[in-house]
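Remarks on the overall topology
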Amino acid sequence: MSETTSGTTGKLKLGIPKGSLQDATIALFERAGWRIFANGRSYFPSIDDAEIECMLVRAQEMARYVEHGALDAGLTGNDWVLENQTDVEYVTSLTYSKQSRQKVKWVLAVPEDSPFQKPEDLAGKIIATELVEFTKRYFAGKNIPVTVEFSWGATEVKPPTLADAIVEVTETGSSLRANRLRIIETLMESETQLIANKAAYKDDWKRKKIENISLMLNAAIAAQGRVGLMLNARKADLQKVIGVLPALNSPTVSQLSDADWVALNTILDEALVREVIPKLKSAGATGIVEYPLSKVVI
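So, here's what we can say about the structure. (Residues numbered from 1 in each chain as written. Predicted model: local features only at pLDDT ≥ 70, side-chain atom pairs only at ≥ 80, totals over all residues. Heavy atoms only, no water.)

So, about the overall build of the protein chain. In terms of helices and strands, the protein chain carries 9 helices and 16 strands. Taking 2.2 N^0.38 as the reference for a compact globule, 298 residues should give roughly 19 Å; the C-alpha atoms of the protein chain span a radius of gyration of 24 Å, well beyond that estimate. Each principal axis of the C-alpha atoms in the protein chain carries an extent, and together these give about 80 × 60 × 35 Å. Considering the protein chain as a whole, with its 298 residues, one finds that 45% of them fall into the buried category. Contacts spanning at least 24 positions in sequence make up 69% of the contacts within the protein chain whose residues lie at least 6 apart. With an accessible surface of roughly 15200 Å², the protein chain has 49% of that area assigned to carbon and sulfur atoms. Positive and negative side-chain charges of the protein chain, numbering 35 and 38 respectively, have mean locations separated by a distance of 2 Å. (Helix = DSSP H or I, 4+ residues; strand = E, 2+ residues; numbered from the N terminus. Rg over C-alpha atoms; globule rule 2.2 N^0.38 Å. Buried < 20%, exposed > 50% of the residue type's maximum accessible area, 1.4 Å probe, protein only. Contact = heavy atoms within 4.5 Å. Areas by Shrake-Rupley, 256 points an atom, 1.4 Å probe, with all protein chains shown as cover. Lys, Arg positive; Asp, Glu negative; His and termini not counted. Charge placed at Lys NZ, Arg CZ, Asp CG, Glu CD.)

Moving on, we get to helix 2 (residues 59-68). Among the residues of helix 2, Ala-59, Gln-60, Met-62, Ala-63 and Val-66 are the ones counted as buried. Of the surrounding secondary structure, the elements contacted by the buried residues of helix 2 are strand 1 (12-18), strand 4 (52-58), strand 5 (73-77), helix 3 (78-84) and strand 12 (192-196). Just beyond helix 2, the residue with positive phi is Gly-69, at close to 95°.

Time to look at the side chain of Asp-203. Within the secondary structure layout, Asp-203 lies in the loop between helix 6 (198-202) and helix 7 (204-223). Of note is the side chain of Asp-203, whose polar atom sits 3.0 Å from the backbone nitrogen of Trp-205. (Polar contact = N/O pair within 3.5 Å; in protein donor to acceptor, adjacent residues only side chain to side chain.)

For the rest of this paragraph, the subject is the sheet that holds strand 16 (residues 286-292). Pairing within the open sheet is antiparallel, and its 4 strands lie in the order 14-15-13-16. The two strands at the open ends of the sheet, each matched to only one other strand, are strand 14 (252-255) and strand 16. Neighbour-to-neighbour, the strand axes of the sheet open up by a mean angle of 20°, direction not taken into account. Where strand 13 (residues 226-234) and strand 15 (residues 261-269) come together, 9 bridges link them in antiparallel fashion. Bridged to Arg-234 within strand 15 is Trp-261. (Pairing = 2+ DSSP bridges. Axes fitted to C-alpha atoms, helices over the stretch in contact; angles between N-to-C directions.)

This next bit is on unusual backbone geometry. Following Pro-159, the chain continues to Pro-160 via a peptide bond in cis, the omega torsion being -5°. Within the fold, Pro-160 resides in the loop between strand 9 (147-150) and strand 10 (165-170). One non-glycine residue, Asn-143, lies in positive phi territory at about 55°. Relative to the helices and strands, Asn-143 resides in the loop between helix 4 (132-141) and strand 9.

Mapped onto the elements of the fold, Val-289 is located in strand 16. Sequence-distant contacts of Val-289, defined by excluding residues within four places in its chain, comprise Gly-228, Leu-229 and Met-230.

It is worth spelling out the pattern of salt bridges at this point. This structure, assessed with the given rule, holds 14 salt bridges. Taking the shortest distance from any N to any O, the salt bridge between Glu-130 and Arg-58 comes out at 3.8 Å. A residue pair is termed long-range when its members are at least 10 positions apart, and Glu-130 in the loop between strand 8 (126-129) and helix 4 and Arg-58 in strand 4 qualify at 72 residues. Accessibility expressed as a relative area gives 24% for Glu-130, which makes it partly exposed. Where Asp-269 meets Arg-226, a salt bridge forms, and the shortest distance between an N and an O atom there is 3.7 Å. In this pair, Asp-269 sits in strand 15 while Arg-226 sits in strand 13, placing the two residues 43 residues apart along the sequence. Take Asp-269: its relative accessible area is 39%, and that puts it in the partly exposed class. Several salt bridges converge on common partners, so that one network encompasses Asp-49, Glu-51 and Lys-209. (Salt bridge = Lys/Arg side-chain N within 4 Å of Asp/Glu carboxyl O.)

Structure representation (structure tokens):
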């Protein structure tokens, strides 16, 4: 086990978000090279890395525990960092969520048949949300007097009986539409962040460990939806073949034993493969092999 700058045995206390992001986070770590084993009853999942100690913590509370040093690092949305106004180190953004690889949005929504068209129309009204402090600051910044009430869940069903409007997180908007709600404003976009305690991040060993985790998580995210292609082409056809490839970067071109031929290696979006391979074949490429990617370090 490694040594920290203080000479003690290295152990990184890492917070894994419990709840809606838990499964997606554990799956991401597995693609990045770490296997996390979460027992349904335990808040301390095991991990196949002796230098990491995991703890399951609600995303809403993660930033506070990281700020106070109970955890060296953790994964949570920047929405909850802003909600709690915590002083933590932002290490990297990780664009993934429980349903997709897109950012989520916190939106101001009202009943479809309500007269409200803009935030100013809600002056004197009740807003229900889990994101209480941020919402209060948002309306205060616009000098709109509202009452912001904490919602314990099922926020979408509260208007118009229990609240006039809600501030709710959404990925696709489907739940809002299903509950006949209309978005009138987006308060913020949010994505998962790897955050660190500022003192821990000054420790050379912990910082290096956190940065390595960041590198591998980002590599796993970058590989999603992409594949590699290997192919051969005559030098005479090279520019025509390269013109077909929508590469992440310029393709790698290597000389083959036959002086008239080269090998190409490239990365592209998986959705494009069905269109690109026939075009490559027509351009003179041969020996085309598609292979999966687990990590892409950019």
